[in-house]
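# Structure assessment
Single-letter residue listing:
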Amino acid sequence: MGKGYKLTSASGDGPKTCAFFFSDKGCRNGANCKFSHESAPTSGGAASGGASYASSSSVVSSETESDGEIVEKQAGAYASLAKKQQVATPKSNNTDATSSAGNPFWTAPVVSANEEQPSTQEKKKKKKRKKNQSDSVPAVAPGENIFDLGNEADNQKGSAASPPKKQKKLATPERPTSNNTLSPNGAVSFRNLQLPIASFSLPTNSASVAKPTITSPRPPSPQHEPAPTPPPLPLPQATPAHLKWKDSVISTRKHDNYQSAFDFEKKQQDEFSQGISSPHHWFKPRPYGDWCKSNPAAIAIDCEMCETKDPVTGTADTKALCRISIVNADEPSEVLLDTLVKPEWPVSNHRTWVNGITAKDLENVKFTLHHAQQFMQSLCSDQTVVVGHAVHNDLLALRMKHHTNVDTAMLYVSKDDEESTPSLKNLAYNVLKIQMPEVHDSVNDARVALQCAEHYRSRGGKVEPVEKVFVRKARSNDAADTTMLLVHRLPTTTQPNHLVEMFLAYTAIKPKNVPDIMFSGSHGKCNVEFTTKEHAELAYNSLVGEEREDKTGKKQKRVSLKGGGYVCVRKMKKTK
């Protein structure tokens, strides 16, 4: 159809009259028009003016015929349509006077249902802009700093230091890749992996090294109560070899420090914010299935760590893996893996006094953290029992999220202080009646932890408290007691970065390292390390607050918290 008009013709005989010829615009076909340009005869019943066109015989147009559609209706329909349009169509200054009154074929412009008036569109745009602005307002982030850093004047009474600006997230180097990759169905066995193992051994006294022993399990006593309903985490129950460790796993999880020590999600977030690792650097073992039925049900593990530093950003990683040893818990004489590990960043502290590893030992090592993770993925399922002493440190060094663990540090309690965990050296002396060597051997440490776990399991958890026989001796090259400050009475919502921001805001001194906070009950504590002894002293002296001595005679100061309460910052040794 032609745009603007839809023509019909009246019934009757006579020549077809061109309606456009008598309109204001006229017929654009001129002499070539197929219809008559002569005035149509009127009839007595026809209306005057525009109605005369309606009463003429057969009114059509070549313009409508060109579209292939001629619709015929009674002339009375036009008059009725014109009246309706006059009522429904609002008056406009731009409309011709003859458009509706003088032309019965005039129709109001058709407005599409999808079109909106300009005022309505503008209202919707404003409403949309207002909604986008409200959506872009950030909510209060979880883990808000417990210290009122925005009002440090009340706490520090005139301290000029201001809170540090939030640093951008630092990019982390990519992990090295290996030719050994796991197939989707786990067809590659951990025994068949071609990994660059770097063997390492320490000269040890055979009398002081624990020999692997296999103790036969003793059935639980009739008085032993069944274990409570387990938490919604995987439990070792796939086979009898798994099931025998179930109670020990549950006992580990019931320890007060378990939630904070094995909070892998928080540690992953902390490392990401510090630029140490990214979320894709962490992994979880796969569910138990056919792929791992021939693997050991339990393993004993011990890792040695060193301190590394990013040469670009200066960020320190205090738990960089440098040696890993894994023993088959079903056959303790079998060492599944024992190798040195090349750290990703340059080593800033080898901690040779602890692990016996020197810079020369790591020179030609090709085995990396990625290789260690690949081995663990081939070895462990979500039901594999991982035995160790303070084993959360080993899992954090591997960046492995695993909760089927037996931790001897949480199975035994200290005789003098039930809130503290016994050292492996004291545990071995009390339980196994052996003395551990001064320098750690990770294979030996894994076996000792396994024997202590077997001792606990075979007695149904009924073990004696551990007496503290050995105390860590201060070393001439160890300035830990002077470069550190103990911060305690920390609320459970405290994060390590909160302490960094607090010291920067109140003292203008940035700590060198703030380790994971160890919580017991409703409070936690941690040793904050500074670059030098002078930095630690200046940080303590810059804190303005009430100074008291604790029960051991060491001086400490109180730092107020947001919303009330306080934490204590204490020196590591007595001073005059």
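Keep in mind that what you see is a predicted model, and the values were worked out from it rather than measured. (Residues numbered from 1 in each chain as written. Predicted model: local features only at pLDDT ≥ 70, side-chain atom pairs only at ≥ 80, totals over all residues. Heavy atoms only, no water.)

## Considerations on the side chain of Thr-507
Mapped onto the fold, Thr-507 is located in helix H18 (residues 496-507). Polar side-chain contacts of Thr-507 include one of 2.5 Å to the backbone oxygen of Phe-503. Each residue touching Thr-507, except ones within four places of it in the same chain, is listed here: Met-502, Ala-539, Ser-542 and Leu-543. (Helix = DSSP H or I, 4+ residues; strand = E, 2+ residues; numbered from the N terminus. Polar contact = N/O pair within 3.5 Å; in protein donor to acceptor, adjacent residues only side chain to side chain. Contact = heavy atoms within 4.5 Å.)

## Considerations on the nonpolar core
By size, the foremost hydrophobic cluster in this structure holds 43 residues, and its most contacted members are Ile-301, Leu-321, Ile-324, Ile-326, Phe-375, Met-376 and Leu-398. Put simply, the parts of the chain that give this core at least two residues each are helix H9 (258-261), strand S3 (298-309), strand S4 (316-328), strand S5 (335-340), helix H12 (369-379) and helix H13 (391-398). Leaving out residues up to four positions away in the same chain, Ile-324 has contacts with Ile-301, Asp-302, Cys-303, Leu-337, Asp-338, Thr-339, Val-341, Ala-372 and Leu-398. (Core = buried A, V, L, I, M, F, W, Y, C linked by side-chain atoms within 4.5 Å. Buried < 20%, exposed > 50% of the residue type's maximum accessible area, 1.4 Å probe, protein only.)

## Digging into the side chain of Ser-458
With respect to the helices and strands, Ser-458 occurs in helix H16 (residues 442-458). Overall, Ser-458 belongs to the buried group, its relative accessible area being 11%. Engagement of the side chain of Ser-458 in a polar contact is seen with the backbone oxygen of His-455, the distance being 3.1 Å. At 3.0 Å, the side chain of Ser-458 forms a polar contact with the side chain of Arg-459.

## Re the confidence of the model for the chain
In the predicted model, the chain carries a mean pLDDT of 76, and the fraction of residues at 70 or more is 65%. Taken as a whole, residues 42-116 scores under 50 in pLDDT and shows 104 contacts with residues more than four places along the chain or in a different chain. Low pLDDT, under 50, characterises residues 157-165; the predicted model gives this stretch 18 contacts beyond four residues in sequence or across chains. (pLDDT = per-residue confidence, 0-100.)

## Quick notes on the packing of helix H15 (residues 424-432) against H16
Remark: H15 packs on H16, axes separated minimally by 10 Å, with the N-to-C direction vectors making an angle of 50°. One way to sum up the angle between H15 and H16 is to call them oblique. As for how H15 packs across H16, the hand of that crossing is left-handed. Listed contacts from H16 to Leu-424, Leu-427, Ala-428, Val-431 and Leu-432 of H15 are Asp-445, Val-448, Ala-449, Gln-451, Cys-452 and His-455. Here the residues of the contact of H15 with H16 sort into eight nonpolar, two polar and one charged. (Axes fitted to C-alpha atoms, helices over the stretch in contact; angles between N-to-C directions. Parallel < 35°, antiparallel > 145°, perpendicular 65-115°, else oblique. Left-handed = near helix turned anticlockwise from the far one by under 90°. Nonpolar A, V, L, I, M, F, W, Y, C, P; charged D, E, K, R; others polar.)

## Focus on the sheet that holds strand S14 (residues 566-571)
Note: strands within a sheet are paired through backbone hydrogen bonds, in either parallel or antiparallel orientation. Across the sheet, which stays open at both edges, the six strands sit in the order S10-S11-S9-S14-S13-S12 with antiparallel pairing between neighbours. If you trace the sheet from one side to the other, it starts and ends with strand S10 (518-520) and strand S12 (547-549), each paired once. Here the average twist between neighbouring strands, direction ignored, is 25°. Bridge count for strand S13 (residues 555-560) against S14 is five bridges, and the pairing is antiparallel. By the bridge assignment for S14, Lys-557 is matched with Val-569. H18 rests against strand S9 (484-490), strand S11 (523-529), S13 and S14 of the sheet, and its axis sits at about 115° to S9. (Pairing = 2+ DSSP bridges.)

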